[in-house]
Amino acid sequence: MDCVREADTVARLGGDEFTVILQGINHSDDAAAVAQKIINKISEPFILEGNETFIGASIGITLYPDDASDADDLIRNADMAMYRAKDAGRNDYRFFTFTMNEQVFERMQLEKDMRAGLERNEFFLEYQPIVDTVNEQTVHAEALVRWQHPEHGLIPPDRFISLAEESGLINQLGWWVLENACAQAKQWSLNGYPVGISVNLSSRQIKAGLSSEKIVTMLNEVGLEPTLLTLEITEGLLLDDTEETLLWLNTIKQTGVKLSVDDFGTGFSSLSYLKRFPVNIIKIDKGFVQDVTHDHDDATLVKAIIGLAESFNINVVAEGVETEGQLKFLRQHNCDMIQGFYYSRPLAAENLLGYLKQGAAA
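Quick notes on the rules
Residues numbered from 1 in each chain as written. Predicted model: local features only at pLDDT ≥ 70, side-chain atom pairs only at ≥ 80, totals over all residues. Heavy atoms only, no water. Helix = DSSP H or I, 4+ residues; strand = E, 2+ residues; numbered from the N terminus. Buried < 20%, exposed > 50% of the residue type's maximum accessible area, 1.4 Å probe, protein only. Contact = heavy atoms within 4.5 Å. Areas by Shrake-Rupley, 256 points an atom, 1.4 Å probe, with all protein chains shown as cover. Lys, Arg positive; Asp, Glu negative; His and termini not counted. Charge placed at Lys NZ, Arg CZ, Asp CG, Glu CD. Pairing = 2+ DSSP bridges. Core = buried A, V, L, I, M, F, W, Y, C linked by side-chain atoms within 4.5 Å. Salt bridge = Lys/Arg side-chain N within 4 Å of Asp/Glu carboxyl O. Phe/Tyr/Trp six-rings, centres within 6.5 Å; stacked < 30°, edge-to-face > 60°. Patch = residues over 30% accessible without salt bridge, like charges linked within 9 Å, V, L, I, M, F, W, Y side chains within 5 Å.

Trainee: Mind showing me how you'd approach the overall build of the protein chain here?
Mentor: Each helix and strand in the protein chain was counted, giving 14 helices and 15 strands. By its C-alpha atoms, the protein chain is 75 × 45 × 40 Å across when sized along the principal axes. Burial status across the protein chain gives 41% buried among its 362 residues. Pairs at least 24 residues apart make up 61% of the contacts formed inside the protein chain by residues separated by at least 6 positions. Entry remark: accessible area of the protein chain is about 19,600 Å², with carbon and sulfur atoms responsible for 50%. Averaging the positions of the 30 positive and the 55 negative side-chain charges in the protein chain gives two centres separated by 3 Å.

Okay, structure coming up:
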């Protein structure tokens with residue numbers, strides 16, 4: 001790599017983590033310049049098994065002797081700064097600051113509380129209706145996990161979901177969500193409202209061995225028809241494009257469970273995966289939906305996604321629908337389903353049942 005000098009040291013710490021020791025740095029700006037050069041170099045596309053491939057790097061920087069004089073402390077500082085770069089969106093660098101120590105402690109405490117919260121049943125589910133645009137009937141409901149902390153009150157998902165991912169707790173939390181959401185959908189069905197249930201899956205759950213057999217066993221135990229379950233996955237999982245991913249998706253599809261791609265269009269979308277993978281539904285991210293009535297580019301993109309999905313016989317859900325104008329636009333362009341505050345905010349299970357009854361009586 002031509003980003004460092006001959007006198008500098010580059011070593012692998014383990015896994016995908018490396019350390020670079022720069023000697024004779026006179027100013028922090030010099031370290032920042034080297035970090036940016038490394039990011040730029042690593043971000044360049046390369047050919048792997050005939051395919052153009054992209055990777056990135058998150059870099060944490062710590063300075064000797066300003067931040068620490070001990071090697072272990074310096075590595076720990078750089079590690080904290082690296083995770084801050086990841087939290088900021090990845091493919092970037094961050095300098096260590098002493099306030100990070102406080103933030104790391106808070107994060108460790110939140111992880112500890114999360115583990116205890118799973119044992120103490122502090123988590124609960126809300127459900128947001130997904131409505132057919134033609135007859136305005138609720139056809140699905142998305143399960144959304146919430147955390148009522150005994151001291152800090154309601155903790156928003158954007159604070160604990162990423163932590164659950166990093167700590168591995170997403171496997172336990174994700175399974176709890178899946179099992180309880182399916183059991184709740186069965187209760188709605190017993191009440192005469194066989195509404196489908198949509199549940200988000202993390203790629204970490206899949207990589208940890210969440211099998212179709214385990215899902216089918218759970219569905220049999222709660223008595224829910226597989227066709228009433230939709231698993232929402234991210235574009236990132238599909239872009240892995242491995243044989244293992246394809247095999248997992250196909251085994252899920254064979255059970256009758258539906259597959260949905262969440263927040264479609266926000267990642268590095270490869271339209272070819274709509275043909276390659278057995279996807280039933282794509283969900284257009286709310287960021288594209290909110291301006292469809294006055295932003296030509298967003299309107300064109302949404303129309304294109306709907307048309308593309310239709311050609312592949314894939315249903316489309318538009319997220320974040322809040323206005324009559326957005327609904328009119330989506331209906332005009334044959335969007336299948338919508339989800340958003342226009343119809344309903346996320347509801348407790350019993351309130352959603354009331355919502356379903358009200359819709360049936362309308």
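Trainee: Explain the pairing of strand 10 (residues 196-200) to me, please; I cannot follow it from the model alone.
Mentor: The two faces of a sheet get side chains in turn, since along a regular strand they alternate between them. Counting buried positions along strand 10 gives four out of five residues, so the element sits mostly inside the fold. As defined by bridge partners, strand 8 (residues 138-149) adjoins strand 10 across three bridges and the pair is classed as parallel. For H140, the partnering residue across the bridge sits in strand 10 and is G196. Bridge count for strand 10 against strand 11 (residues 229-233) is four bridges, and the pairing is parallel. Its bridge partner lying in strand 11, S198 is registered against T230.

Trainee: Hey, could you run me through the side chain of H140 in this one?
Mentor: Summarising the element assignment, H140 is placed in strand 8. Setting aside its immediate chain neighbours within four residues, H140 contacts Q128, P129, I130, V195, G196, I197, S198, T230 and M337.

Trainee: Can you help me understand the nonpolar core in this one?
Mentor: When a protein is soluble and globular, its nonpolar side chains tend to lie buried together. Ranked by internal contacts, the top residues of the largest apolar core, which has 79 residues, are Y127, I197, L229, L231, I282 and L330. Not counting the four nearest positions on each side in its chain, L229 is found in contact with L178, C182, I197, V199, I215, L219, V257 and K258.

Trainee: How do you make sense of the pattern of salt bridges when you look at a structure like this?
Mentor: Where charged atoms from two side chains of opposite charge come close, those side chains can pair. Taken as a whole, this structure holds twelve salt bridges when the rule is applied. A salt bridge links D8 to R5; the nearest nitrogen and oxygen atoms lie 2.8 Å apart. When the shortest N-O distance is used, the salt bridge between E142 and K283 registers 3.0 Å. You can see E142 sitting in strand 8 and its partner K283 sitting in strand 13 (residues 281-284), a full 141 residues away along the chain. The burial state of E142 is the same as that of K283; both residues are buried. Taken together, the shared-partner salt bridges in this structure form one network comprising E142, E232, K283 and E319.

Trainee: Would you take a moment to explain the packing of aromatic side chains for this structure?
Mentor: Working definition: an aromatic ring pair is given by the centre-to-centre distance plus the angle between the planes. Across all of its chains, the model carries six aromatic pairs by this definition. With 5.1 Å between their ring centres and 25° between their planes, F123 and W147 make a pair best called stacked. One end of the pair, F123, is in strand 7 (residues 123-132); the other, W147, is in strand 8, with 24 residues separating them in the sequence. Exposure remark for F123: the relative accessible area of 5% places this residue in the buried category. The buried category is assigned to W147, whose relative accessible area is 0%. Taken together, a centroid distance of 4.9 Å and an interplanar angle of 80° make the contact between Y127 and W188 edge-to-face. Taken as a pair, Y127 in strand 7 and W188 in helix 5 (residues 170-190) lie far apart in primary sequence, 61 residues in all. For W188, a relative accessible area of 1% puts it in the buried group. Here a set of aromatic residues connected by ring pairs shows up, and it is made of F123, W147 and F160.

Trainee: Can you help me understand a nonpolar patch on the surface in this one?
Mentor: On the surface, F46, L48 and I55 cluster together to form a nonpolar patch covering roughly 260 Å² of accessible area. Exposure remark for I55: the relative accessible area of 46% places this residue in the partly exposed category.

Trainee: Honestly, the pairing of strand 8 in this entry has me stumped. Any pointers?
Mentor: Counting buried residues in strand 8 gives ten out of twelve residues, a clear majority hidden from the surface. Alignment of strand 7 against strand 8, held across nine bridges, turns out to be antiparallel. Along strand 8, the bridge assignment pairs Y127 with A143. Hairpin connection from strand 7 to strand 8: five residues lie between these consecutive antiparallel strands, with E136 at a positive phi of about 60°. Where strand 8 lies against strand 9 (residues 153-155), three bridges are found, and the strand directions are antiparallel. Its bridge partner lying in strand 9, H149 is registered against G153. The antiparallel hairpin formed by strand 8 and strand 9 contains three residues in its connecting segment.

Trainee: Teacher, can you tell me more about unusual backbone geometry here?
Mentor: Negative phi is the rule for most residues except glycine; trans is the rule for most peptide bonds. Omega for the peptide link from Y64 to P65 comes to 0°, which places this bond in the cis form. Within the secondary structure, P65 is located in the loop between strand 5 (59-61) and helix 2 (71-87). The phi dihedral of N91 falls on the positive side, at around 55°, and the residue is not glycine. Despite not being glycine, N313 shows a phi value in the positive range, around 60°. Taking relative accessible area as the criterion, N313 reaches 71% and is therefore assigned exposed.

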